Amino acid sequence: MKDGIINWNLDPEIFTLFNTFPIRYYSLSWALGCALCYLIVKQIYRKENIPLENLEQLTMHIIAGAFLGARLGHCFFYEPQYYFQNPLEILLPIRKVGESFEFTGFQGLASHGGLIGIVTAILLYARKSKTNVFWIMDRVALGTSVTAACIRIGNFMNSEVYGKPTNGNWGVIFERDDLIPRHPTQLYEAAAYLLIFVTLLFIYKSKKIKRQNGLMVGALFILMFFARFIIEFVKENQVEFEDSLSLNMGQILSIPLIILGIAIIFFSKKSKNFYS
């Protein structure tokens, strides 16, 4: 570390299982984020005397929705042409190299797609269980912000999704790519999401705030994607086509989700029953 500059050169692979399957910090960050989300929501269910069997079913829906949404979001939002030509790689952890395939793990998960997948999963679960959609989303929102922070820390460990160059006197040098001091945008986002978690927890526990169903998840959408929109200004574009856009793909996808957050808060006030 020199003059406010941090050199970062961590191997993203912790070890290789059976000399074939790499175990990465990013994968563990995902797993840790999901586990923390589950524990947070579990505490809420216990506090509100909701049967934990309901949470087990909800968890399976959310894990499937989050993964499918994140994977499909990356493939179709960022690299559609490649994945249309290589459809097997969308849902299989492989990559075509020449005439053969090699195991790579899932390289490319989009947070916007993941959130869309979670919302879809909750809608399906709520309809099946006849539970108020916004009630479920509010409680899951608390854990989701922590999961998002863990995933961004995983990106930092992977030396990916980093920011644009700084003025050279400070920043993080991701030595696996180049020797330029850059904004550690992964850590910016992780910090923002943890702050959002604290905000949502305050709303949940506050006795002064009139907390109708939908308020917390609406606030999550607004705060999370507003933060994402702002941080994207100092983040490097992830794919080449974004260089020709006024706003990058992360910002374009964030705008409708901010609007959706506002709509959820408004609609939830008007609708007391949504599947229940």
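The structure under discussion appears in the preceding block.
Residues numbered from 1 in each chain as written. Predicted model: local features only at pLDDT ≥ 70, side-chain atom pairs only at ≥ 80, totals over all residues. Heavy atoms only, no water.

In terms of nonpolar packing, the biggest core is built from 47 residues, with L58, I122, I136, L142, Y193, L200 and M224 touching the most fellow members. Elements represented by at least two residues in this core include exactly helix 1 (25–47), helix 2 (52–77), helix 5 (111–129), helix 6 (133–157), helix 7 (185–205), helix 8 (215–231) and helix 9 (249–270). Examining the composition of this core, we find that 12 residues originate from one element, helix 6, more than from any other. With sequence-adjacent residues up to four places away left out, L142 is seen in contact with I40, I44, F197, L200, L201, Y204 and M216. By size, the runner-up hydrophobic cluster in this structure holds five residues, among which are Y78, V239, M249 and L253. (Core = buried A, V, L, I, M, F, W, Y, C linked by side-chain atoms within 4.5 Å. Buried < 20%, exposed > 50% of the residue type's maximum accessible area, 1.4 Å probe, protein only. Helix = DSSP H or I, 4+ residues; strand = E, 2+ residues; numbered from the N terminus. Contact = heavy atoms within 4.5 Å.)

Let us look at the sheet that holds strand 1 (residues 5–8). The pairing of strands in a sheet comes from backbone hydrogen bonds and takes either a parallel or an antiparallel form. Pairing is mixed across the open sheet formed by three strands, whose spatial order is 1-6-7. Pairing within the sheet leaves two strands with one partner each, and these edge strands are strand 1 and strand 7 (181–182). The sheet contact formed by strand 1 and strand 6 (residues 171–174) spans four bridges and is parallel. Bridging across to strand 6, N7 finds its partner in I173. (Pairing = 2+ DSSP bridges.)

Let us now look at the pairing of strand 6. Side-chain direction in a regular strand flips from residue to residue, so the side chains alternate between the two faces of the sheet. Burial along strand 6 is two-sided: G171 and I173 facing one way and V172 and F174 facing the other are all buried. Hairpin connection from strand 6 to strand 7: six residues lie between these consecutive antiparallel strands.

Moving on, we come to the packing of aromatic side chains. All chains considered together, the criterion is met by nine aromatic pairs. Taking the centre distance of 5.1 Å and the plane angle of 90° together, the rings of Y82 and Y83 count as edge-to-face. Seen from their ring centres, F229 and F233 are 5.6 Å apart, and the 90° between their planes marks the pair as edge-to-face. When its relative accessible area of 17% is taken as the criterion, F229 is described as buried. On the accessibility criterion, F233 (45% relative accessible area) is partly exposed. Among the aromatic residues, ring-to-ring pairing joins W8, F156, Y162 and F174 into one connected group. (Phe/Tyr/Trp six-rings, centres within 6.5 Å; stacked < 30°, edge-to-face > 60°.)

A grouping of I14, F15, L17, F18, F21 and L28 is seen on the molecular surface, where their side chains present a nonpolar patch of about 580 Å² in accessible area. Inspection of the secondary structure puts F15 in strand 2 (residues 13–17). (Patch = residues over 30% accessible without salt bridge, like charges linked within 9 Å, V, L, I, M, F, W, Y side chains within 5 Å. Areas by Shrake-Rupley, 256 points an atom, 1.4 Å probe, with all protein chains shown as cover. Salt bridge = Lys/Arg side-chain N within 4 Å of Asp/Glu carboxyl O.)

Moving on: the side chain of E242. Tracing the chain through its elements places E242 in the loop between helix 8 and helix 9. A distance of 2.7 Å separates a polar side-chain atom of E242 from the backbone nitrogen of M249. Every residue in contact with E242, bar those within four places of it in the chain, is listed here: Y78, N237, N248, M249 and G250. (Polar contact = N/O pair within 3.5 Å; in protein donor to acceptor, adjacent residues only side chain to side chain.)

The end-to-end C-alpha distance of helix 7, which contains 21 residues, comes to 30 Å, matching closely the 30 Å that a straight helix rising 1.5 Å per residue would cover. What helix 7 keeps buried is the set T185, Q186, E189, A190, A192, Y193, I196, F197, L200, I203 and Y204. Each buried residue of helix 7 sits inside an arc of 165° when the element is viewed along its axis, so together they form one side. Residues of helix 7 that are exposed and angled more than 90 degrees away from the buried face: L195, V198, F202 and K205. Buried-residue contacts for helix 7 involve helix 1, helix 6, strand 6 and helix 8. (Expected span 1.5 Å × (residues − 1). Arc of directions from axis to C-beta.)

Moving on, we come to the pattern of salt bridges. Overall, the coordinates contain eight salt bridges when judged by the stated rule. Between R139 and E48 there is a salt bridge, and its shortest N-O distance comes to 3.1 Å. Taken together, the positions of R139 in helix 6 and E48 in the loop between helix 1 and helix 2 put the pair 91 residues apart, joining distant regions of the chain. With a closest N to O distance of 2.6 Å, D178 and R182 form a salt bridge.

Bringing the side chain of S29 into the picture now. As for its position among the elements, S29 is in helix 1. The contacts of S29, once residues within four sequence positions are left out, are C150, I153 and G154.

Bear in mind that shape data such as this cannot, by itself, settle questions of function.
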